[in-house]
Amino acid sequence: MANPIGLIDPERMANIPPQFHAHHEVCFHLYDTIGAMLAELEGANLRRFSFKLESEDEIEALRKSPDVMDFLVKSGRMDIAQKSTVGELNLALYADLLHFLFESLRALEKSKFTVAYATLRKPLQENLLYAAWLVADEDEFFKRMKDDPADKLTRSGLTPEEHKEIFRKAIARLEIAGAFHEDVIYDFVYDKNSEIGLAVFMNKANHLVTRKGDRLRTEEWNLNFIFKDPRDTDVYETIYPILAYILFFILQLQISKRQGDPVWRRRLWVGYLDRLL
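It should be emphasised that the depicted structure is a prediction, and the values quoted were computed from it without experimental measurement. (Residues numbered from 1 in each chain as written. Predicted model: local features only at pLDDT ≥ 70, side-chain atom pairs only at ≥ 80, totals over all residues. Heavy atoms only, no water.)

**A short note on the packing of aromatic side chains**
Here is step 1: Taken as a whole and judged by the stated rule, the model has 18 aromatic pairs.
Here is step 2: Look at F28 and Y31: their rings are 5.5 Å apart centre to centre, the planes differ by 85°, and that puts the pair in the edge-to-face class. Highlighted residues: F28 and Y31, both in helix α1 (residues 21–43), separated by three residues, approximately one helical turn.
Here is step 3: Residue classification places Y31 among the buried positions, given a relative accessible area of 15%.
Here is step 4: Ring geometry for Y31 against F102: centres 5.9 Å apart, planes inclined by 40°, an arrangement best described as tilted. (Phe/Tyr/Trp six-rings, centres within 6.5 Å; stacked < 30°, edge-to-face > 60°. Helix = DSSP H or I, 4+ residues; strand = E, 2+ residues; numbered from the N terminus. Buried < 20%, exposed > 50% of the residue type's maximum accessible area, 1.4 Å probe, protein only.)

The following block contains the structure:
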């Protein structure tokens, strides 16, 4: 039996079997660390950027533009437009991810298994992919987002191999690349035929009836999760190892976005180690 770490009041985990208290605390610690990293990035004023106007005509053009982004594009300053957009996007993408993760972790504390799985689906299957894509190939992501995100950024438009290629490229940019593998991430999060992943559970939690694939097909005399006993422990046995792995990957993606700045990278790592120890 794993001893609790002491990060969360045991009364808050009363519905979680004691042998999983430490697992839950580790996941919440990683969640808190991602949030702390986000706060540090927000403090770095990534939304702020500057550029030089070259003439009175440009001053007038900026004044008449509906917004600054429109001016940047029309004046050929796509590098600045990309830097501004990606800086804002990184903050918003992780903030949105954290909102859903928090609700999922809290639902686990209340044995609300369907809610826990349902609120995991978006951050793990979408936010995670886009966060990895921004690390893997920021230029390509920005181009698709600028041109036609509805058709060029939809996850359903990507094949399994394209998912894995995005993760493969992102992992290659991490300082601890050996800790992760694209096949494992895909298996854990997306593969509906996986015997160990979360995709089946997340999809069933979002739909009362499902039919694609043997593992996803709703059983006879059943509706998905409707009759799930909150006293069951199988969810806790399945979810924590996967969630901890994915949360640690997300944390490394955050750190890698500043890997061109050694001073900032050291700040992130020192801050993480301080919280860990």
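**Quick notes on helix α5 (residues 113–136)**
Here is step 1: If you check α5, its first and last C-alpha atoms are 33 Å apart, about what 24 residues at 1.5 Å a residue would give, namely 34 Å.
Here is step 2: The principal kink in α5, of about 30°, is found at L120, preceding the proline P123 by one to four residues.
Here is step 3: Burial analysis of α5 places 18 of its 24 residues in the buried class, which makes it a mostly covered element. (Expected span 1.5 Å × (residues − 1). Bend = angle between axes of the 7 residues up to and from the residue.)

**Structural notes on the pattern of salt bridges**
Here is step 1: Counted under the stated rule, the structure contains 16 salt bridges.
Here is step 2: Put simply, D234 and K228 hold a salt bridge, and the shortest N to O gap is 2.8 Å.
Here is step 3: Residues joined by salt bridges that share partners form a network here, namely K143, K146, D147 and K152. (Salt bridge = Lys/Arg side-chain N within 4 Å of Asp/Glu carboxyl O.)

**What to know about the packing of helix α9 (residues 182–189) against helix α11 (residues 234–256)**
Here is step 1: The contact between α9 and α11 brings their axes to 11 Å, and the two run at 125°. Overall, the two elements α9 and α11 adopt an arrangement that is oblique. Of the two elements, α9 crosses α11, and the hand of that crossing is left-handed. Contacts from V184, I185, F188 and V189 of α9 reach α11 at I242, Y245, I246 and F249.
Here is step 2: Among the residues making up the contact of α9 with α11, the classes are represented as eight nonpolar, no polar and no charged. (Axes fitted to C-alpha atoms, helices over the stretch in contact; angles between N-to-C directions. Parallel < 35°, antiparallel > 145°, perpendicular 65-115°, else oblique. Left-handed = near helix turned anticlockwise from the far one by under 90°. Contact = heavy atoms within 4.5 Å. Nonpolar A, V, L, I, M, F, W, Y, C, P; charged D, E, K, R; others polar.)

**Quick look at the side chain of N127**
Here is step 1: Mapping N127 onto the fold places it in helix α5.
Here is step 2: A relative accessible area of 3% places N127 in the buried class.
Here is step 3: Polar side-chain contacts of N127 include one of 3.1 Å to the backbone oxygen of L93.
Here is step 4: With residues near it in sequence (within four places) discarded, N127 still touches L93, D96, L97 and K122. (Polar contact = N/O pair within 3.5 Å; in protein donor to acceptor, adjacent residues only side chain to side chain.)

Read these as geometric descriptors, not functional statements.
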